[in-house]
Amino acid sequence: MKRIKTIVLIFATGMIGAGAQNVKEIEVHDDRNNTDEVIELPEAMTYDTDSLLKEWNAQKYLFPDTTCADPDYNPPFPAEIFKERLSRIPAIIEMPHNEVVQKFIDQYSGRLRRSVSYMLGAGNLYIPIFEEALDYYGLPLELKYLPVIESALDPTAVSHAGAVGLWQFMLATSKRYDLKVNSLIDERRDPVKATWAAAKYLRDLYRMCGDWNLAIAAYNCGPSNVNKAIHRAGNVKDYWVIYPYLPKETRGYVPAFIAANYIMNYYCEHNICPMKTKLPIATDTVMVSRNVHVEQIAALCNIEVADIKALNPQYRTDIIPGQTEPCAIRLPQEKALAFIDQQDSIYNYRAEELLTRRVIVAVADQPQQRTSSTRQSTKKQTARNKTNKKSRTKTQIATVRSGDTLSAIAARNHTTVSKLKRLNNMRSDRLKPGQKLRVK
């Protein structure tokens, strides 16, 4: 970008500690016009590293590398080195160097060093999932680092705008890509399902934009905002040309993506040590077609509730709603076998206590204690009802006329022949003029 000469970060560049992630913007100064503009950082670049390290997978499978030499020293390099390194990244997506990209690299290699260390370790858990889906759809594998700037590889991340999960899906977009979201399930939190949905979404964005940098920008701010920026820039489809017409955060989004690719490839050159990773436990899934509470599984399969919930982040409550439709539960392999062996016992364990959602509910009777005026009114109404009932059920007699038939009498008195015969104990249809018949 030729028009931008100087970029000043609104923080002390030497800060590397846990509290240094509170920076949310960078200020860009245009020397030519002597004006400033503010670019919002992708939200994941503002996360506190300590909060990332509290995530379940980090607690379970990641631990610091205590053998790392000079972990707080970030050696300086001339611009030519950064340009040369970016050019050597095996990527289809264009990754040029400029002042904006450099400042984002400086953040990752400086202020965000501890976050990068976490992400390098967490990448061993998640990046194989990303690569599988991207490769299936024939997409550039460097897109595997998009969640670095989306969520800092935190599967529980929720943005201020309501985007959720590793790939930060908004609700409307998740629905379009078949991710189930309701009061009980949020599949945006499922690393596997969300990754495959994200791969399809990126494929569609590239088909719309025809350029990967524009598709990445559209992933952040939506295709309509990218199209508006293209029109305002004179219909030029080049991210760096439409840059000033994009929303503030999106102006930094592609530079941050380039910087993420840089730091995930060249972390060693900046003395950043990845957190070491234990091999994750082997897991398997079981299908349930009845509601089951996580405490039922935990008690009979001898597993912690926290472990069940972490392995099944798509379930928003403690109840897995298999009764609505069959649901998959991911468990360690040996616990999955235990579930199969004890399935009936699991469903019955403390079921009345834990599964409290009622299917049939009786309506309570009217209260027995009432005021005297209410009781008086009720008595009067009851008396009226009895009187009306008596008047409605009073016996009525009809006299048989010459030529009458049971059918004619029944029709005149709004009844039926069978009822007339029953009321009058008649065995035949024979009638005599002057005969009295009970009709009610």
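What comes next is a walk through the structure. (Residues numbered from 1 in each chain as written. Predicted model: local features only at pLDDT ≥ 70, side-chain atom pairs only at ≥ 80, totals over all residues. Heavy atoms only, no water.)

## Quick notes on the overall build of the protein chain
For step 1, the next point in the chain: On a plain count of helices and strands, the protein chain comes out with 21 helices and 11 strands.
For step 2, the next point in the chain: Looking at the protein chain residue by residue over its 440 residues, the buried ones come to 44%.
For step 3, the next point in the chain: Taking contacts inside the protein chain between residues at least 6 apart in sequence as the whole, the part at least 24 apart equals 68%.
For step 4, the next point in the chain: For the protein chain, the accessible area works out to roughly 23900 Å², and carbon and sulfur atoms hold 49% of it. (Helix = DSSP H or I, 4+ residues; strand = E, 2+ residues; numbered from the N terminus. Buried < 20%, exposed > 50% of the residue type's maximum accessible area, 1.4 Å probe, protein only. Contact = heavy atoms within 4.5 Å. Areas by Shrake-Rupley, 256 points an atom, 1.4 Å probe, with all protein chains shown as cover.)

## Some points on unusual backbone geometry
One can expect most non-glycine residues to show negative phi and most peptide bonds to be in trans.
For step 1, the next point in the chain: A positive phi is found at His 414, a non-glycine position, where the angle reads about 55°.
For step 2, the next point in the chain: Among the structural elements, His 414 can be located in the loop between helix 20 (406-412) and helix 21 (417-423).
For step 3, the next point in the chain: Its identity as a non-glycine residue notwithstanding, Asn 425 has a phi of 50°, on the positive side.
For step 4, the next point in the chain: Structurally, Asn 425 is set in the loop between helix 21 and strand 11 (436-438).

## As for the environment of Cys 209
For step 1, the next point in the chain: Examined against the element boundaries, Cys 209 turns out to sit in helix 8 (residues 191-209).
For step 2, the next point in the chain: When its relative accessible area of 11% is taken as the criterion, Cys 209 is described as buried.
For step 3, the next point in the chain: Beyond its immediate stretch of four places on either side in the chain, Cys 209 contacts Leu 214, Ala 215, Ala 218 and Lys 237.

## Things to note about helix 5 (residues 113-136)
For step 1, the next point in the chain: Taking 1.5 Å of rise per residue, the 24 residues of helix 5 would be expected to cover 34 Å, and the 32 Å separating its terminal C-alpha atoms lies within 8% of that figure.
For step 2, the next point in the chain: Bending of helix 5 peaks at approximately 55° at the position of Asn 124, with proline Pro 128 no more than four residues after it.
For step 3, the next point in the chain: Count one or two residues on from helix 5 and you reach Gly 138, which has phi positive near 70°. (Expected span 1.5 Å × (residues − 1). Bend = angle between axes of the 7 residues up to and from the residue.)

## Comments concerning the state of the cysteines
Working definition of a disulfide: a covalent bond connecting the sulfur atoms of two cysteines.
For step 1, the next point in the chain: Counting across every chain of the model gives 1 disulfide.
For step 2, the next point in the chain: This cysteine, Cys 221, is not joined by any disulfide, and Cys 209 carries the nearest cysteine sulfur, 9.1 Å off.
For step 3, the next point in the chain: By relative accessible area, which is 15% here, Cys 221 ends up buried. (Disulfide = S-S within 2.5 Å.)

Note that all results are geometric; they support no functional claim without further evidence.
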